[in-house]
Amino acid sequence: MELPVVVGVDGSEPSFRAAEWAADEAVLHGVQLRVVHASLWERYEGAALADDVGDPSERAMAEHIVCAAAERARLRNPEAKISTAVLPEDTVTALLRAARNASVLVTGSRGRSGLTELVLGSVSLAVAAHADCPVIVLRGSHDPDTVHRRVVLGVGEPPRGMAAVRFAFEEAEVRGAELIAVRTWRRPAHETPNHPLMVGDPAHYHETRAAEILDEVLEEAEQDHPGVRLCRRTVEGTARRVLREASAMADLLVVGALRHPGHGHFGLQLGRIAYSVLHHAACPVAVVPQRA
């Protein structure tokens, strides 16, 4: 059985928009949508109290949140097959556990705090850093009705970047979208024309090497998905800037995140590029876990 798309909701408008986007994602892939909300009502209220007084306010609110999110998802895409669940855990723990049995985990960019939508919420950041499956975070400014039919892939070092490459090809294929594979390059500031590897124009060496990496990383996935329109781009500059600019005309930006077993801090689990685009991209960002 195909694993479902899971979306975490907390009653905020960004999370309801995430549920709508996740409904489209589930239908595209022909899988179920599972709408989940984390609530500690049972831990605080107790099962005995629940039996005595019926639905406590926290439980009623939790059920209302998942039902409202499911209804938004259903209105967005009536073809979606939707289930709901209230999980008796803290939010991050609940979503990470749900991710173990998900094809993709979707979250909004922030929750019910008073922070601006340009600031990524701590829950989305923690989940993107530690989930076992790809995590798609919807930026607050994203308009789901604006479709560019373009998926952008930030290409990392081979062979670690293969999981992100496969995911990007699959997403482009189901969307009928063009896949823009981007590899950035920069000439180190300390490098001189007398460097032993430099023959002719030093910049040409780095650009050529970036093109070689693109060919190496994309070859197998391109053969597996011959129907995907693929555009290779080698761009001088920082990956963070180039990918952020490319996201303005994309439906999805895909990046890999290297997992370092034994490290708990989210920065070590995401890397600078994923961390940056999660905060600043103009479109939904898919963070695909890759093992060290």
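Residues numbered from 1 in each chain as written. Predicted model: local features only at pLDDT ≥ 70, side-chain atom pairs only at ≥ 80, totals over all residues. Heavy atoms only, no water.

### Details of the pattern of salt bridges
Any two side chains of opposite charge can pair, given that their charged atoms come close. Applying the stated criterion to the full structure yields 15 salt bridges. In this structure, R76 engages D24 in a salt bridge whose closest nitrogen and oxygen atoms are separated by 2.9 Å. Here D24 lies in helix α1 (residues 13–29) and R76 lies in helix α4 (residues 57–76), a separation of 52 residues in the sequence. The salt bridge involving D145 is made with R76; its shortest N-O contact spans 2.9 Å. A residue pair is termed long-range when its members are at least 10 positions apart, and D145 in the loop between β5 (135–138) and β6 (150–154) and R76 in helix α4 qualify at 69 residues. Judged by relative accessible area, D145 falls into the exposed class, the value being 56%. For R76, a relative accessible area of 30% translates into the label partly exposed. Salt bridges sharing common partners tie together E13, R17, E20 and R72. (Salt bridge = Lys/Arg side-chain N within 4 Å of Asp/Glu carboxyl O. Helix = DSSP H or I, 4+ residues; strand = E, 2+ residues; numbered from the N terminus. Buried < 20%, exposed > 50% of the residue type's maximum accessible area, 1.4 Å probe, protein only.)

### With respect to the side chain of Q290
With respect to the helices and strands, Q290 occurs in strand β10 (residues 285–291). For Q290, the side chain forms a polar contact with the main-chain nitrogen of A164, separated by 3.2 Å. The residues touching Q290, leaving out its near neighbours within four places in the chain, are R160, G161, M162, A163, A164, G256, A257, L258 and R259. (Polar contact = N/O pair within 3.5 Å; in protein donor to acceptor, adjacent residues only side chain to side chain. Contact = heavy atoms within 4.5 Å.)

By themselves, these observations are geometric and do not establish any function.
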